Structures are given as structure tokens and as C-alpha cells.
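# Commentary on secondary and tertiary structure
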Amino acid sequence: NAGVTQTPKFRVLKTGQSMTLLCAQDMNHEYMYWYRQDPGMGLRLIHYSVGEGTTAKGEVPDGYNVSRLKKQNFLLGLESAAPSQTSVYFCASRQGAKEAFFGQGTRLTVV
Amino acid sequence: RKEVEQDPGPFNVPEGATVAFNCTYSNSASQSFFWYRQDCRKEPKLLMSVYSSGNEDGRFTAQLNRASQYISLLIRDSKLSDSATYLCVVTKLTGGGNKLTFGTGTQLKVEL
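We now turn to the structure provided with this report. (Residues numbered from 1 in each chain as written. Chains lettered and ligands numbered in written order. Predicted model: local features only at pLDDT ≥ 70, side-chain atom pairs only at ≥ 80, totals over all residues. Heavy atoms only, no water.)

## Some details on the overall build of chain A
A tally of regular secondary structure across chain A gives zero helices and eleven strands. Along chain A, helices (α) and strands (β) appear in the sequence β-β-β-β-β-β-β-β-β-β-β when read from the amino end. For 111 residues, the compact-globule estimate of 2.2 N^0.38 gives 13 Å, and chain A sits close to it at 13 Å. Sequence separation of at least 24 residues holds for 53% of the intrachain contacts in chain A that already meet a minimum separation of 6. Counting every atom, chain A has about 5200 Å² of accessible surface; 52% of that belongs to carbon and sulfur. Of the side chains in chain A, 12 bear a positive and 8 a negative charge, and the two mean positions are spaced by 5 Å. (Helix = DSSP H or I, 4+ residues; strand = E, 2+ residues; numbered from the N terminus. Rg over C-alpha atoms; globule rule 2.2 N^0.38 Å. Contact = heavy atoms within 4.5 Å. Areas by Shrake-Rupley, 256 points an atom, 1.4 Å probe, with all protein chains shown as cover. Lys, Arg positive; Asp, Glu negative; His and termini not counted. Charge placed at Lys NZ, Arg CZ, Asp CG, Glu CD.)

Here it is as C-alpha cells:
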């Protein structure tokens, strides 16, 4: 079982560039989440989705957009990257009130 | 006040010691509770769910106190391999769905 897969694993961007992070899950989960993790800050919720075609803002949504056109995929976009978006990004999925499963993370550096 | 608060540590303990972590949450409507483990530069992984009656999994015991709004994790007979960051996770149902909120984590270092 693949579980939750994130691509890419690593990326270096220049300020102002755009990119899309892909999260794919094969567990038929309804809920999907994007978090960023910074030293001393813990995991902070960027955006989340409660089902195909729906998205909602989390704690730190500014500078990011998301889409969930298919149930198994949740895309996170950075339209114009800034150094403050240097972070480790984690995607997670879950079903109902059960535990969440995480992808391996994407390490993004914006220079 | 943060929704979920944990002592960041680090907790440095000798191998074989018993160590306990606490976590407090602010929203009394919180539904589900978990402890996750995160190794350095890796993704968080479920350690155990936390049930109202308390639950045990080998050397690990989790407890929930809804009245005082805290959960705890007890690790007995610590191993070197237990060194990691332990994340407290609380969920609640909102108008926008079922949200997961993480504490900032408690770092454990088990030493020889």
C-alpha cells in the first residue's frame, strides 16, 4: 500500500517563482490536509478539504491555494514564492474521526 | 491561549526510566485524541489513540481527562529507540469539517 504520497520530495525555488505540490492517497479518505512545519512552531494547518470539490482555509492560508478535483488528490500551489515559505510541507489524509496518515514531506527552500 | 499545548522539553532520561508527557487542550468540544511520534526529518506517525477509559500498548499508556482537558502519555522502561518528538493531537468537528490540531511536540532523548 502506497498510503499518502507527496511529490516532489525536495525543491529549491527562486523568489517569485510558482510551483505545485501534489498529494495523492489511495485509501479513499474523505479528508485531506496540508500542513507546514517550522522549527519551534509545530505543524500548522494551511488548507484542508472535506471531500472532492471542497476546500477550506486553515490557520495559515495566505500565499497558498489548493484544489481537490479528484478525491484521491490534493494540490497545494504557491503562486509567487517568498523566502517565508521555506518550510517542510506535509500532506495528510483521514477518514472520519480516525487517525491521520501522513506523506513523507516536501522540503521547500525559497531563495 | 493555544488550542493544544505541550511542554517542548527536551526530556533527557536514562535508558530504563519512566517518563510522562502531558498535553492540555482548550476546546471542551474536542472529540478525538491521539499521540503521534515524529523522528527527525520524518513524517509524524500514529503512536496510539487515546480513549476516555485510558489505554495501554506495551510500554505505552495514554490517558484522557475530559474534565481537566488534558491527555497524558506514559512511557515505561525507556529505550534508546524511543528518542523522538511526541505530538499531541486533538480533533473537533467544525462547520468546515473535522479539524486536526497539533501541539508543538515534546522532545524525548533517551541516553545510555
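## Quick look at the interface of chain B and chain A
It is common to give the size of an interface as the accessible area that goes away when the parts come together. Opposite the 19 residues of chain B that make contact, chain A presents 22 residues. Summing both sides of the interface, chain B and chain A together bury roughly 1700 Å²; the carbon and sulfur share of this comes to 56%. Area buried by chain B at its contact with chain A is led by Glu43, Asn98 and Leu100 of chain B, which between them contribute 31% of it. Linking chain B with chain A are five residue pairs in polar contact (both at pLDDT 80 or more). Sorting the residues of the side of chain B that touches chain A by element identifies strand S4 (32–38), strand S9 (84–94) and strand S10 (97–102) of chain B as the ones contributing at least two each. Top element by residues in the side of chain B that touches chain A is S10 of chain B. It accounts for five residues. (Buried area = accessible area lost by both parts, 1.4 Å probe. Polar contact = N/O pair within 3.5 Å; in protein donor to acceptor, adjacent residues only side chain to side chain.)

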